[in-house]
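# Remarks on the overall topology
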Amino acid sequence: MSGATTDAGPDRPGLTPPRDAVAPERHPDAPAPGEPLGAHYDHCFGCGGAQPHGLHLEATAGEGVSVTAEFTVQSAHQGAPGLAHGGVLATALDETLGSLAWLLRTIAVTGRLETDFVQPVPVGATLHLEARCTAVAGRKIYSTAVGRIGGPDGPVAVRADALFIEVKLEHFTDNGRPEEIRAAMSDPDQVKVARAFEVNP
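Residues numbered from 1 in each chain as written. Predicted model: local features only at pLDDT ≥ 70, side-chain atom pairs only at ≥ 80, totals over all residues. Heavy atoms only, no water.

So, on to the overall build of the chain. Along its length, the chain carries five helices and six strands. Along the chain, helices and strands appear, N-terminal first, in the series β-β-α-α-β-β-β-β-α-α-α. For the chain, the accessible area works out to roughly 10300 Å², and carbon and sulfur atoms hold 52% of it. (Helix = DSSP H or I, 4+ residues; strand = E, 2+ residues; numbered from the N terminus. Areas by Shrake-Rupley, 256 points an atom, 1.4 Å probe, with all protein chains shown as cover.)

Next comes the structure, spelled out in structure tokens:
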């Protein structure tokens, strides 16, 4: 169930911030509200333009520590005939929640994601997503998101609560497949190099 109120144990941290958690603070160098965030990595299934069947999710910085995003469900995203696969919808939520790291200016990865599927999302529909960071406790970043069909006032289709964990660059360089790491690190566009490793790939 999304928004669990008890800790699930030492190996499965809960999604409720501890009492010593603090309110998130937007980094002074974060993108301005209304600014498109762009893809963090061309080959990311969630936002990358180089993935022919990816979501091509487009995120925009919001007020405070929040983002909005949209993607349109394509035929390649089906689970049941004519409907989006639940895993694809969870990916869209995860990608949107991960984009909050741009506003905190930290490198973070998904530690836990709990998703509620409220109603089916048909192929051809555009899913409008909103995510916000709710609290920070040390390396733990707590956040929540909702996805609506057709626009920000449309019917709720999916919801998620998430725990992201701040990591160092070595999390990616030590664990990623060497060919992709070398290719990303050797890109002559240094902005692209930085972006490839700054948000959960």
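Picking up where we left off.
Right, let's talk about the pairing of strand β2 (residues 66-72) for a bit. Pairing analysis gives four bridges linking strand β1 (residues 58-61) to β2, with the strands arranged antiparallel. Bridge assignment links E58 to a residue of β2, and that residue is E70. Where β1 folds back onto β2 in an antiparallel hairpin, the turn is made up of four residues, including G64, whose phi is positive at roughly 60 degrees. (Pairing = 2+ DSSP bridges.)

Before going further, it helps to examine the state of the cysteines. Disulfides are covalent bonds that link the sulfur atoms of two cysteine residues. The full count for this structure, using the stated rule, is zero disulfides. C47 takes part in no disulfide bond, and the closest cysteine sulfur to it belongs to C44, at a distance of 3.8 Å. For C47, a relative accessible area of 10% gives the class buried. (Disulfide = S-S within 2.5 Å. Buried < 20%, exposed > 50% of the residue type's maximum accessible area, 1.4 Å probe, protein only.)

A few words on the sheet that holds β1. Ordered in space as β1-β2-β4-β5-β6-β3, the six strands form an open sheet in which the pairing is antiparallel. Both edges of this open sheet fall to β1 and β3 (108-117), since each of them pairs with a single strand only. Averaged over neighbouring strand pairs, the angle between their axes works out to 20 degrees when direction is ignored. Pairing geometry for strand β5 (residues 140-149) and strand β6 (residues 156-166), over nine bridges, is antiparallel. Opposite I141, over in β6, you have F164 as the bridge partner. The strands touched by helix α1 (residues 86-98) within the sheet are β2, β3, β4 (126-137), β5 and β6, with β6 carrying the most contacts at an inclination of about 50 degrees. (Axes fitted to C-alpha atoms, helices over the stretch in contact; angles between N-to-C directions. Contact = heavy atoms within 4.5 Å.)

Following the criterion strictly, the structure yields one salt bridge and no others. R112 serves as the salt-bridge partner of E114, at 2.6 Å between the closest nitrogen and oxygen. Taking relative accessible area as the criterion, E114 reaches 13% and is therefore assigned buried. (Salt bridge = Lys/Arg side-chain N within 4 Å of Asp/Glu carboxyl O.)

Below, the discussion takes up unusual backbone geometry. Here H56, not a glycine, exhibits a phi torsion of approximately 55 degrees, which is positive. Within the secondary structure, H56 is located in the segment before β1. Phi angles above zero are rare outside glycine, and R105 is one such case at about 55 degrees. Along the chain, R105 turns up in the loop between α2 (101-104) and β3. The class of R105 is partly exposed, set by a relative accessible area of 44%.

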